[in-house]
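# Examination of the molecular architecture
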Amino acid sequence: MGTIQLNDVHKFFGDIHVIKGIDMEIEEGEFIVFVGPSGCGKSTMLRLIAGLEEITSGTIDIAGKDVSALGAAERGLAMVFQSYALYPHMTVRENMGFGLKVAGEKKATMDAAVDRAADILQLDPLMVRKPKELSGGQRQRVAIGRAIVRDPAAFLFDEPLSNLDAALRVQMRIEIARLHKKLGKTMIYVTHDQVEAMTLADRIVVFNDGIIQQQGAPLDLYRNPSNLFVATFIGSPKMNIIPCASEGGGISLGDGTHIDMPVAETAPEFFGIRPEHIAVVDPSDALIAGTVGVAEHLGGDSFAYVDVPGLEPINVRISGGSDIQEDQPIGLSFDLDDAHLFDGDGTCV
């Protein structure tokens, strides 16, 4: 069973409180992605689950059993690292089977497990090679194969694709998604990459300063952030955030622009709108008018960073490509159904 339960987990390094009372239940077969900025605690939380670090207080249960006092080897988990951690003097086959060999498994059992993993990951042509003869993507597949051979209760991935180039990251991301579908195993995945999180996860857990800011399905977090931190962290490019104040049945932006929209009893101080929820219109019909400061053309999409007097530059996504140019006058209109308001504490209101 791959259910994992975290109960009021704390971790101190000396006087530094790194993990601050995490409660979480991870279901059998779920793909969980931990995201957050550097130093937020996401990798530490993964290492606590793996048993590579000791918790200061709280408990960790795996398949209903408290494993808090058990070492990494006794928890029935397999971890895949960013650095591959392959033995350079061993072949691919020897690397994949090493854990079972140390555990004293019979050769026939070990060979069958290695052959099965090699078939899943299409590693058969590489079995006699050594790590130095492999590409980065191939090395990472071997590292994943070594984890599969152990038939763990759950897989733990610590930024496994960050050493790969952009094309290989896409390929490996697809392979990991297929692997999860094929094995049906619980997977916990740490990354700083927005695309990996949004495309792989059943549930994203957003960490900051050792606590969980929000967790949920990728599109739920994207569409309904609970606070300003999640709103600006999830999504690339990030949400536009504009200072505002309540005014006459709506809000007033920092440049004096009035917007008619429902306002809660809690006074909003920030207005949020994502780049794709802004339309380019004729300046005479615009809610806001400005000038294109920077234009980025990415083929299917273009991004315009619009300079508006009294405001920070507003990022606009234009789908289908565009010939928009720098210094061009531009008008903007907002889709208010997809706008967000936040109070002074950063909470969505």
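Below you will find a few notes about this structure. Just so you know, these numbers come straight off a predicted model, no measurement behind them.

Glancing now at the overall build of the protein chain. Each helix and strand in the protein chain was counted, giving eight helices and 20 strands. The C-alpha extent of the protein chain, read off along each of the three principal axes, is 80 × 45 × 35 Å. Buried positions account for 46% of the 349 residues belonging to the protein chain. Put simply, 65% of the contacts in the protein chain that link residues at least 6 apart link residues at least 24 apart. Only carbon and sulfur atoms are counted for the fraction: they give 49% of the accessible area of the protein chain, which is about 16300 Å². Considering the protein chain, the positive charge centre built from 29 side chains and the negative charge centre built from 49 side chains are found 17 Å apart.

Attention now goes to the packing of aromatic side chains. Under the counting rule described, the total for this entry stands at seven aromatic pairs. In textbook terms, an aromatic cluster arises when at least three aromatic residues are bridged by ring pairs, as seen for F31, F155, F157 and Y189. Against the face of F13 rests K11, its NZ or CZ located 4.8 Å from the ring centre. Taking the ring centre of Y222 as reference, the NZ or CZ of R274 above it sits at 3.9 Å.

Before going further, it helps to spend a moment on the pattern of salt bridges. Taken as a whole, this structure holds nine salt bridges when the rule is applied. Put simply, R93 and D111 hold a salt bridge, and the shortest N to O gap is 3.9 Å. Taken together, the residues span a long stretch of sequence, with R93 in helix 2 (residues 92-102) and D111 in helix 3 (residues 107-121) at a distance of 18 residues. For D111, a relative accessible area of 21% corresponds to the partly exposed category. The network of salt bridges with shared partners includes R93, K107, D111 and D115.

Reading the values: the criteria
Residues numbered from 1 in each chain as written. Predicted model: local features only at pLDDT ≥ 70, side-chain atom pairs only at ≥ 80, totals over all residues. Heavy atoms only, no water. Helix = DSSP H or I, 4+ residues; strand = E, 2+ residues; numbered from the N terminus. Buried < 20%, exposed > 50% of the residue type's maximum accessible area, 1.4 Å probe, protein only. Contact = heavy atoms within 4.5 Å. Areas by Shrake-Rupley, 256 points an atom, 1.4 Å probe, with all protein chains shown as cover. Lys, Arg positive; Asp, Glu negative; His and termini not counted. Charge placed at Lys NZ, Arg CZ, Asp CG, Glu CD. Phe/Tyr/Trp six-rings, centres within 6.5 Å; stacked < 30°, edge-to-face > 60°. Lys NZ or Arg CZ within 6 Å of the ring centre and 35° of its normal. Salt bridge = Lys/Arg side-chain N within 4 Å of Asp/Glu carboxyl O.

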